[in-house]
Amino acid sequence: MEQWKQYKLGELITLNSGGTPDKSNKSYWGGDIPWISAKFMYDDYLYSSELKISQEGLDNGSRLAPKGSILLLTRGSGLFNHIPVCYVMKDLAYNQDVKCIESNNKELVSTKFLFYWLMGNKNSIGAILETTGIGAGKIDTNRLKDIRISLPPKEYQQALIGFAESIMHKIELNRRINDNLKLIA
């Protein structure tokens with residue numbers, strides 16, 4: 001069996017920042033492109049958002065996170081309570097407090113494996129959390145890229161993804177059951 005290999009996270013990923021289109025320009029808002037900010041990063045899987053921007057808004061201030069990428073909140077007061085890591089299920093735009101992460105070498109590691117690794121290593125990410133001048137939390141991206149990751153062989157990565165997905169699906173099913181029970185009560 002192949003050995004697990006050590007990498008810095010930054011050796012395995014591309015990291016992009018988003019942006020916010022000018023809110024005073026009405027033509028940038030109300031389109032059909034979901035736009036993500038910290039407020040909408042409460043689920044592990046992102047499909048949409050209450051706020052939407054137009055193509056013009058995307059072209060003038062935001063960026064698209066492609067389906068199959070990861071969104072990580074890197075600035076905001078909520079980081080002191082929880083570190084949102086979300087898997088993108090549909091192309092989404094996102095703001096400047098959020099980073100889009102993708103594998104830069106899909107032969108070595110899949111983005112989905114990185115998603116589950118980030119989910120399981122929120123304590124390591126929380127350990128590098130800093131405070132901004134206004135008291136918000138901040139994850140320095142250079143320090144994020146320096147976090148060490150032990151990478152198993154690709155076939156083992158696939159087995160771990162399958163295991164993690166089965167657990168995540170069970171959690172989601174339980175959440176839906178609880179929501180239905182609340183409605184009934």
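Our subject in this report is the structure included herewith. Position numbers for residues count from 1 along each chain, tracking the sequence in the order it is written. Per-residue local features of the predicted model are confined to residues with pLDDT of at least 70, and side-chain atom pairs are confined, for both listing and counting, to 80 or more; whole-chain, interface and lining totals are unaffected and use all residues. Side-chain measures here rest on the full set of heavy atoms in the structure, leaving out hydrogens and waters.

**Points about the overall build of the chain**
- Helix and strand counts for the chain stand at five helices and 14 strands.
- The globule rule used here is 2.2 Å times the number of residues to the 0.38 power, and the radius of gyration it is set against is calculated over C-alpha atoms. The C-alpha radius of gyration of the chain comes to 17 Å, within 12% of the 16 Å expected for a compact globule of 185 residues.
- Along the longest, intermediate and shortest principal axes, the C-alpha atoms of the chain span 55 × 45 × 35 Å.
- Put simply, the chain has 185 residues, and 42% of those count as buried.
- In this analysis, two residues are considered to be in contact whenever any of their non-hydrogen atoms come within 4.5 Å of each other. In the chain, of all internal contacts separated by at least 6 residues, the share reaching a separation of at least 24 is 71%.
- Accessible area of the chain: about 10200 Å², with a carbon and sulfur share of 51%.
- We treat Lys and Arg as the positive residues and Asp and Glu as the negative residues; His and chain ends play no part in the count. Positions of charges follow a simple convention, taking NZ of Lys, CZ of Arg, CG of Asp or CD of Glu. Charge centroids of the chain, computed over 23 positive and 20 negative side chains, lie 3 Å from each other. Numbering of helices and strands runs from the N terminus, with a helix taken as a DSSP run of H or I at least four residues long and a strand as a DSSP run of E at least two residues long. Note on classification: 1.4 Å probe, protein chains only; a residue is buried when its accessible area is under 20% of the maximum for its type, exposed when over 50%, partly exposed between these limits. Shrake-Rupley sampling with a 1.4 Å probe provides the accessible areas, and residues are treated as covered by the protein chains on show and by no other component.

**Details of the packing of helix 2 (residues 111-120) against helix 5 (residues 154-184)**
- As a rule, the C-alpha atoms of each element are fitted with a line to give its axis, helices using only the stretch in contact, and angles between N-to-C directions run from 0 to 180 degrees. Relative orientation of the contacting elements helix 2 and helix 5 amounts to 60°, with a least axis distance of 10 Å. When the axes of helix 2 and helix 5 are compared, the pair comes out oblique. With respect to the hand of their crossing, helix 2 and helix 5 are arranged in left-handed fashion. Only Q157, L160, I161, A164, E165 and M168 of helix 5 make contact with helix 2, whose side of the interface consists of K112, F113, Y116 and M119.
- Any residue that is not Ala, Val, Leu, Ile, Met, Phe, Trp, Tyr, Cys, Pro, Asp, Glu, Lys or Arg is counted as polar, Gly included; the first ten are nonpolar and the last four charged. Residues of the contact of helix 2 with helix 5, tallied by class, amount to seven nonpolar, one polar and two charged. Here the word oblique covers every angle except those under 35 degrees (roughly parallel), over 145 (roughly antiparallel) and from 65 to 115 (roughly perpendicular). Crossings are assigned a handedness: left-handed for a near helix turned anticlockwise from the far helix by less than a right angle, right-handed for a clockwise turn.

**As for the sheet that holds strand 5 (residues 52-53)**
- In spatial order, the strands read 5-3-10-6; together these four strands make up an open sheet with mixed pairing. The strands lining the two open edges of the sheet, one partner per strand, are strand 5 and strand 6 (63-65).
- Bridge count for strand 6 against strand 10 (residues 92-94) is three bridges, and the pairing is antiparallel. Its bridge partner lying in strand 10, L64 is registered against A93. Think of it this way: DSSP has to see at least two bridges between two strands before they count as a pair.

**Quick notes on the sheet that holds strand 9 (residues 85-88)**
- The strand order across the open sheet built from five strands is 2-11-7-9-4, with neighbouring strands paired in mixed fashion. In the strand order of this sheet, the two ends are held by strand 2 (13-17) and strand 4 (45-46), each with one partner.
- Strand direction decides the pairing type here: strand 4 and strand 9, joined by two bridges, are parallel. Bridge pairing in strand 9 links Y45 to Y87.
- Helix-sheet contacts for helix 2 involve strand 2, strand 4, strand 7 (70-73), strand 9 and strand 11 (98-103), and the interaxial angle to strand 9 is about 160°.

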